[in-house]
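If you want the building blocks of each chain, they are given just below.
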Amino acid sequence: MTVSAATSLTLADRLPQVRGKYEFDAPLAKLTWFKVGGPAAVLFTPEDEEDLATFLRRLPREVPLLCLGVGSNLLIRDGGFDGVVIRFGKKFSDITVKDTEVMAGAGAPDIAVAAAARDASLAGLEFLRGIPGTIGGAVRMNAGAYEREMADVLVESRALDRAGNAHRFTLQEMGYSYRHSDLAEDLIFTGAILQGTPDLKENIERRMQQIADAREESQPLRTRTGGSTFKNPAGHKAWQLIDAAGCRGLRVGGAHVSEKHCNFLINDDNGTAADLENLGEDVRRRVKETSGVGLEWEIRIVGDAKEDRS
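Just so it is clear, the model here is predicted, and its values are computed rather than measured.

Reading guide: rules and limits
- Residues numbered from 1 in each chain as written.
- Predicted model: local features only at pLDDT ≥ 70, side-chain atom pairs only at ≥ 80, totals over all residues.
- Heavy atoms only, no water.
- UniProt positions renumbered as here; feature names shortened; annotations may be inferred.
- Helix = DSSP H or I, 4+ residues; strand = E, 2+ residues; numbered from the N terminus.
- Buried < 20%, exposed > 50% of the residue type's maximum accessible area, 1.4 Å probe, protein only.
- Contact = heavy atoms within 4.5 Å.
- Polar contact = N/O pair within 3.5 Å; in protein donor to acceptor, adjacent residues only side chain to side chain.
- Pairing = 2+ DSSP bridges.

Chemist: Where do I start with the UniProt feature "active site" (unreviewed entry) in the protein chain in this structure?
Modeler: UniProt records the feature "active site" (unreviewed entry) for R179, S228 and E298 in the present numbering. Across 120 residues, the annotated set stays spatially compact, with a maximum C-alpha separation of 11.7 Å. Counting through the fold element by element, R179 comes out in the loop between α5 (171-174) and β13 (188-195). For R179, a relative accessible area of 14% puts it in the buried group. Once residues within four sequence positions are removed from consideration, R179 is found in contact with M141, N142, A143, G144, A145, E149, K231 and E298. Within the structure, the side chain of R179 is placed 3.2 Å from the backbone oxygen of G144, a separation counted as a polar contact. Tracing the chain through its elements places S228 in the loop between β15 (224-225) and α7 (238-244). With relative accessibility at 29%, the residue S228 sits in the partly exposed group. Setting aside anything within four residues of it in sequence, one finds S228 in contact with N73, N263, F264, E298 and I299.

Chemist: I tried to follow the pairing of strand β7 (residues 101-105) on my own but got confused; where do I start?
Modeler: By the bridge criterion, 4 bridges tie strand β6 (residues 95-98) to β7 in an arrangement that is antiparallel. If you follow V97 over to β7, its bridge partner there is V102. Where β6 folds back on β7, the antiparallel hairpin that results is connected by 2 residues, among which D99 adopts a positive phi of roughly 55°. Both β7 and β13 contribute to a ladder of 5 bridges, which runs antiparallel.

Structure below.
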């Protein structure tokens, strides 16, 4: 029995009644871009924001929680996650436009938000075309690409705390810096209001296509990867440091550093989460030795290192 399966049995009687769906000892690998990792003790898909708030109010505070978007910026270790993974359903993916503002739920794909802004002839959100995630994650980490980031467009975010209380935060209250927010880590972002500026739809479409073409040319899009692996250190590009350290194509087990863009790690289909994490740590060691620069993971790593079967 896996650790997650055993935890599922002990959690089952402690979970509050909800309108959404529980799944026990739920496989997570298929829900992430890397396609690796063990199961969740519980996978919870809330019906809507009110259902999620009720769940949070009644869930014992010691139960670990993890929010899962499209799984693009996440490495789940091989032993899985011994707590509750929250997966946002359709009710969290709504996108509406009013005047020059775009309202999006946490589960709305970034690319869909960019497309909705384009269709409303609103510029400024084109950079979201280049971010493979959802708005909840983008708000949390001040996601950015192509010289723009969430700090440039956020008007207000909406979140629930661990006790199920609702909060709204202005841009200034987010405490944004590079790929970081100062707000509490246990906040669950449920939506955001983003600011656009009027422009011709064809201009916006052209810029979005340029971003799409640039990604296609420079990134290993059709592989089992997780997006950019490391943050760019101040004054440096992570990929240049990795390349200079001789890590392009570096391999550990069933994982390797992309030869097309060496700030991407790739699962060769038979790799494990341990292979990917060990490869990343080897890259960090080599970069530190050659440049003196310490790389920080941009990909979030969660869960237990290996399965414990009995």
